[in-house]
Amino acid sequence: MGVDIAVGDLPRDYLAEAKSPPVAPPAAPRPRPEPEPPPPARSAPSPSIDALERDAASAAAEANTLEELRAALERFDGCALKTTATRLVFGDGEAGARAMFVGEAPGADEDRQGLPFVGRAGKLLNRMLGAIGLTRADVYIANVVPWRPPGNRTPSPLETAACLPFIQRQIELVGPSVLVCLGAPSTQTLLGVKEGITRVRGRWLDYQCGDRPIRAMAMLHPAYLLRRPADKKLAWRDLRLLVRELERLRAESAP
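If you're wondering where the values come from, they're calculated on a predicted model, not measured in any experiment.

**Q** Can you help me understand the overall build of the protein chain in this one?
**A** The helix and strand inventory of the protein chain stands at 11 helices and 5 strands. Sorting the 255 residues of the protein chain into buried and exposed places 41% on the buried side. Of all intrachain contacts in the protein chain linking residues separated by at least 6 positions in sequence, the fraction that spans at least 24 positions is 73%. Of the roughly 15,500 Å² that the protein chain leaves accessible, carbon and sulfur atoms contribute 54%.

Now the structure itself:
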């Protein structure tokens, strides 16, 4: 009959099975719902400007000498620029200098050498001082922010606020007779003016240095003068104003 292989031990009626209702396949298991991801971890809140200023002011106030203030800045971790700069650029000069020049922040050359105003702008500043009979040894030079911002960008308000109590204490410890703010950022930060540098330069203002007011003036930054040589005549007028004031103060203090 053509049967040459057995497919089972017992016979099956496939025709009867075809007439019976089909058996539904077993239902697929319902997928388990994926667990909800945990909420993102909440980072610690960034310190406010007021809190940074309080911490910095407390650290700066404890310094009674420039060396102690430098050590306090080395320990201070409230300014993120410290982690990206090569070194601290504290200042150049001695306490008791008659005039103190303060810029905004160090550049690449200053970051490498650890001294303020040693690049092209610094060399121009040296020549400006020489034009009125002064040298770097006669003045004190510093910056509001003692660490170089990456790419020479402008320091943020938070970074400036963290460093402000230190430069204020630095001015007190140097004790100059005249404060010269180089550029708009330094002028606006230390003297509290809102005007642009070209409007505020060329006139005397007051700066409260500890418990005594001192004379203060704004001057065009040497880096600006390198870009705008035609404005050197304005800087020359300011330098002459400065030297006349120093001479007046010297005459008043003479016995």
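Read on, since the account is not over.
**Q** Looking at this structure, I do not really get the pairing of strand 2 (residues 139-143). What am I missing?
**A** Looking along a regular strand, one sees the side chains alternate between the two faces of the sheet. Most of strand 2 is tucked away: 5 of the 5 residues are buried. Of the two faces of strand 2, both are covered, the one formed by Val 139, Ile 141 and Asn 143 as well as the one formed by Tyr 140 and Ala 142.

**Q** Would you take a moment to explain helix 11 (residues 232-253) for this structure?
**A** Three or four residues apart is the spacing at which side chains of an α-helix point the same way, because the helix has 3.6 residues per turn. Here helix 11 spans 31 Å end to end across 22 residues, near enough to the 32 Å set by a 1.5 Å rise per residue. Among the residues of helix 11, those classed as buried are Leu 234, Ala 235, Asp 238, Leu 239, Leu 241, Leu 242, Val 243, Glu 245 and Leu 246. If you follow the buried residues of helix 11, they end up packed against strand 1 (99-103), helix 6 (120-131), strand 3 (178-182), strand 5 (212-219) and helix 10 (222-227).

**Q** Hey, could you run me through the side chain of Glu 110 in this one?
**A** Inspection of the secondary structure assignment puts Glu 110 in helix 5 (residues 108-113). Buried and without a salt bridge, Glu 110 has Arg 148 as its closest oppositely charged side chain, separated by 7.2 Å. Polar side-chain contacts of Glu 110 include one of 3.3 Å to the backbone nitrogen of Gly 119. In contact with Glu 110, not counting residues within four places along its chain, are Val 89, Leu 115, Pro 116, Phe 117, Val 118 and Gly 119.

**Q** Looking at this structure, I do not really get the sheet that holds strand 5. What am I missing?
**A** Two orientations exist for strands paired in a sheet by backbone hydrogen bonds: parallel and antiparallel. Strand order in the open sheet made by the 5 strands is 2-1-3-5-4, with mixed pairing throughout. Each edge of the sheet is formed by a strand with only one pairing partner; in this case those strands are strand 2 and strand 4 (205-209). Along the sheet, successive strands turn relative to each other by an average axial angle of 30 degrees, direction set aside. Here strand 1 pairs with strand 2 via 5 bridges, running parallel. Across the sheet, Met 100 pairs through a bridge with Tyr 140, a residue of strand 2.

**Q** Before we go on, may I ask you to explain the side chain of Glu 159 in this structure?
**A** By secondary structure assignment, the location of Glu 159 is in helix 7 (residues 157-174). Setting aside its immediate chain neighbours within four residues, Glu 159 contacts Cys 79, Leu 81 and Arg 153.

**Q** I'm lost on the layout of surface pockets in this one. Help?
**A** Once rolled over the atoms, a probe with the size of a water molecule shows which space is left empty. Here the largest pocket is characterised by a volume of approximately 600 Å³. Contributing to the lining of the largest pocket are 27 residues, with Ala 105, Gly 107, Asn 152, His 221 and Ala 223 lying nearest its centre. Tallying contributions element by element places helix 10 first for the lining of the largest pocket, with 4 residues. Its residues assigned to classes, the lining of the largest pocket shows 14 nonpolar, 7 polar and 6 charged.

**Q** Honestly, helix 7 in this entry has me stumped. Any pointers?
**A** Over its 18 residues, helix 7 runs 25 Å from end to end, which matches the ideal 26 Å to within 8%, given 1.5 Å per residue. If you look at helix 7, its biggest bend is around 35 degrees, right at Cys 163, and the proline Pro 165 turns up within four residues after that. Of all 18 residues in helix 7, 14 are buried; the element is thus mostly enclosed.

**Q** Help me understand unusual backbone geometry, please; the structure alone is not making it clear to me.
**A** Residues apart from glycine generally show negative phi values, whereas peptide bonds are mostly found in trans. At Phe 117, a position not held by glycine, the phi torsion is positive, near 55 degrees. Mapped onto the fold, Phe 117 is located in the loop between helix 5 and helix 6. Here the phi dihedral of Asn 152 falls at roughly 60 degrees; this positive angle occurs in a residue that is not glycine.

**Q** Whenever I open this one, the packing of helix 2 (residues 49-61) against helix 7 confuses me. Can you help?
**A** Helix-helix packing is described using two parameters, namely the angle between the two axes and the distance between the axes. Running from amino to carboxyl end, helix 2 crosses helix 7 at an angle of 25 degrees, the nearest separation of the two axes being 8 Å. As judged from the angle between their axes, helix 2 and helix 7 are roughly parallel. Here the hand of the crossing between helix 2 and helix 7 comes out right-handed. When helix 2 is examined against helix 7, the residues Ile 49, Leu 52, Glu 53, Ala 56, Ala 57, Ala 59, Ala 60 and Ala 61 are found in contact with a partner set consisting of Pro 157, Leu 158, Ala 161, Ala 162, Leu 164, Pro 165, Phe 166 and Arg 169.

**Q** I keep staring at the environment of His 221 and nothing clicks. Help me out?
**A** With respect to the helices and strands, the residue His 221 is situated in the loop between strand 5 and helix 10. In this view, His 221 contacts Phe 117, Ala 121, Leu 182 and Gly 183; residues no more than four positions away in its chain are not counted.

**Q** Looking at this model, I keep getting lost on the pattern of salt bridges. Mind explaining?
**A** Pairing is possible between side chains that carry opposite charge, provided their charged atoms lie close to one another. Tallying each qualifying case throughout the model produces 11 salt bridges. The closest approach of N and O atoms between Arg 169 and Glu 172, which form a salt bridge, is 2.8 Å. Here the residue Arg 169 and the residue Glu 172 both occupy positions in helix 7, the gap between them amounting to 3 residues, near one helical turn. On the basis of relative accessibility, which here comes to 18%, the residue Arg 169 falls in the buried class.

Criteria and thresholds
Once a new chain begins, its residue numbering starts again from 1 and follows that chain's sequence as written. Note on the predicted model: pLDDT of at least 70 is required for a residue's local features to be given, and 80 or more for side-chain atom pairs to be given and counted; whole-chain, interface and lining totals, by contrast, use all residues. In computing side-chain properties, one takes all heavy atoms of the structure into account and sets aside hydrogens as well as water. Each helix is a run of DSSP H or I of at least 4 residues and each strand a run of E of at least 2, with the numbering of both proceeding from the N terminus. Exposure classes here rest on a 1.4 Å probe applied to the protein chains alone. A residue is buried below 20% of its type maximum, exposed above 50%, and partly exposed in between. Only heavy atoms enter the contact rule, under which two residues are in contact if any of them lie within 4.5 Å. Each accessible area is a Shrake-Rupley result for a 1.4 Å probe, and residues are judged covered by the shown protein chains and nothing else. Expected span of a helix: the number of residues minus one, times 1.5 Å. The charge count treats Lys and Arg as positive and Asp and Glu as negative. His and the chain ends do not count. Only one rule defines a salt bridge in this text: a Lys or Arg side-chain nitrogen within 4 Å of an Asp or Glu carboxyl oxygen. Polar contact is the term for a pair of N or O atoms within 3.5 Å; when the atoms are in protein, one must be able to donate a hydrogen and the other to accept it, and sequence-neighboring residues count only if both atoms are side-chain atoms. When DSSP finds two or more bridges between a pair of strands, those strands are recorded as paired. All axes here are fitted lines through C-alpha atoms, helices being fitted over the stretch that makes contact, and every angle between N-to-C directions spans 0 to 180 degrees. Points on a 1 Å grid over protein atoms alone make up a cavity when a 1.4 Å probe fits among them but cannot get out, and a pocket when they form an open set with protein on both sides within 12 Å along at least five of seven lines; lining residues each have an atom within 4 Å of a point. Grid points are joined across faces, edges and corners, and a volume is the space filled by probe spheres set on the points. Residue polarity follows a fixed list, in which Ala, Val, Leu, Ile, Met, Phe, Trp, Tyr, Cys and Pro are nonpolar, Asp, Glu, Lys and Arg are charged, and the others, Gly among them, are polar. The bend at a residue is defined as the angle formed between two axes, one fitted to the seven residues ending at that residue and one fitted to the seven starting there. By definition in this entry, angles of less than 35 degrees are roughly parallel, angles greater than 145 are roughly antiparallel, angles of 65 to 115 are roughly perpendicular, and the rest are oblique. With the far helix as reference, a near helix turned anticlockwise by less than a right angle produces a left-handed crossing, and one turned clockwise produces a right-handed crossing.

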